[in-house]
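Fold and contact review
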Amino acid sequence: EAGVTQFPSHSVIEKGQTVTLRCDPISGHDNLYWYRRVMGKEIKFLLHFVKESKQDESGMPNNRFLAERTGGTYSTLKVQPAELEDSGVYFCASSLRHQETQYFGPGTRLLVL
Amino acid sequence: SQQGEEDPQALSIQEGENATMNCSYKTSINNLQWYRQNSGRGLVHLILIRSNEREKHSGRLRVTLDTSKKSSSLLITASRAADTASYFCATDGVNDYKLSFGAGTTVTVRA
């Protein structure tokens, strides 16, 4: 069974540009989560989808971040326009049921110059 | 606010020794999970322990949970060089599905 995959693995962009990150959860997992770790800080929750619906987006830092999960399969996280403080590692995770094991992808390393 | 806090921040041991790290949290939890992250790689799930469980084993890993003290420990027995990584505890709340992570313990196993 394939694990959670994320694309791209690395992204280097300039401040003001747009970047879209993609996450493919484990097949059949209705729950999909986005987290990020900015330099030197702990991993922080961004948002949670159940199928295509946003269950909790309390961790989204501001309206420059937009997450979608059309069709309830893969998800995208768009940052527009990117700022320097958005640099970090963005993780995606999925779980079969809520409050069960969350399986993480390898992360996307974003660097905003 | 940070829910889990690992202790120590860093640990260096000789191959074959045991490594113990602790995690403390602030609010009531439903589950506590331990993850490992090798340098530059993703988070690998190690073990999940539920709030009504006190101890769990998986291979060379032993996790304990003391809900009265709001703390958990992860013991790695007979450590190997491949165990060199950062270890994180993560909790989810009773009515909360998101994980709250600590800052992690960096473990270095010397050959």
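Everything that follows concerns the structure shown earlier in this document.
Here's a quick rundown of the structure. (Residues numbered from 1 in each chain as written. Chains lettered and ligands numbered in written order. Predicted model: local features only at pLDDT ≥ 70, side-chain atom pairs only at ≥ 80, totals over all residues. Heavy atoms only, no water.)

Looking at the overall build of chain A
Counting secondary structure elements, chain A contains 0 helices and 11 strands. Ordered by position in the sequence, the α and β elements of chain A form the string β-β-β-β-β-β-β-β-β-β-β. Taken over C-alpha atoms, the radius of gyration comes to 13 Å for chain A, in line with the 13 Å a tight globule of 113 residues would show. Buried positions account for 50% of the 113 residues belonging to chain A. Within chain A, contacts between residues separated by at least 24 positions form 52% of all contacts whose residues are at least 6 apart in sequence. Taken as a whole, chain A presents about 5,600 Å² of accessible surface, with 50% of it coming from carbon and sulfur. Charge-centre separation for chain A: the mean point of 13 positive side chains lies 3 Å from the mean point of 13 negative side chains. (Helix = DSSP H or I, 4+ residues; strand = E, 2+ residues; numbered from the N terminus. Rg over C-alpha atoms; globule rule 2.2 N^0.38 Å. Buried < 20%, exposed > 50% of the residue type's maximum accessible area, 1.4 Å probe, protein only. Contact = heavy atoms within 4.5 Å. Areas by Shrake-Rupley, 256 points an atom, 1.4 Å probe, with all protein chains shown as cover. Lys, Arg positive; Asp, Glu negative; His and termini not counted. Charge placed at Lys NZ, Arg CZ, Asp CG, Glu CD.)

Some points on the sheet that holds strand β3 (residues 19-24) of chain B
Residues and elements named next belong to chain B. Strands sit in the order β1-β3-β8-β7-β6 across an open sheet of 5 strands; the sheet is antiparallel. Edge positions in the open sheet fall to β1 (5-7) and β6 (55-58), since each of these has one partner strand only. On average, each strand axis in the sheet is inclined to that of its neighbour by 20°, with strand direction left out of account. (Pairing = 2+ DSSP bridges. Axes fitted to C-alpha atoms, helices over the stretch in contact; angles between N-to-C directions.)

Observations concerning the side chain of Arg64 of chain A
Residues and elements named next belong to chain A. Within the secondary structure layout, Arg64 lies in the loop between β6 (53-56) and β7 (65-68). Take Arg64: its relative accessible area is 13%, and that puts it in the buried class. Within polar-contact distance, the side chain of Arg64 engages the backbone oxygen of Pro81 at 2.8 Å. At a separation of 2.6 Å, a polar atom in the side chain of Arg64 contacts the side chain of Asp86. Those residues in contact with Arg64, other than ones at most four positions away along the chain, are Lys78, Val79, Gln80, Pro81, Ala82, Glu83, Glu85 and Asp86. (Polar contact = N/O pair within 3.5 Å; in protein donor to acceptor, adjacent residues only side chain to side chain.)

Quick word on the pairing of strand β4 (residues 29-37) of chain B
Residues and elements named next belong to chain B. Taking burial as the measure, the 9 residues of β4 include 7 buried ones, the bulk of the element. The sheet contact formed by β4 and strand β9 (residues 85-93) spans 8 bridges and is antiparallel. Counterpart to Asn31 in the pairing with β9 is Asp92. Taking the residues between adjacent antiparallel strands as the criterion, β4 and strand β5 (residues 43-50) are bridged by 5 residues, where Gly40 takes a positive phi near 70°.

Brief notes about the pattern of salt bridges
Residues and elements named next belong to chain A. Using the criterion set out here, one finds 11 salt bridges over all chains in the structure. With a closest N to O distance of 3.9 Å, Lys15 and Glu83 form a salt bridge. In this pair, Lys15 is assigned in the loop between β2 (10-13) and β3 (19-24) and Glu83 in the loop between β8 (75-79) and β9 (88-95), connecting sequence segments 68 residues apart. Ionic pairing is found between Glu57 and Lys54, a salt bridge with its closest N-O pair at 4.0 Å. Its relative accessible area of 43% is what places Glu57 among the partly exposed residues. When its relative accessible area of 37% is taken as the criterion, Lys54 is described as partly exposed. (Salt bridge = Lys/Arg side-chain N within 4 Å of Asp/Glu carboxyl O.)

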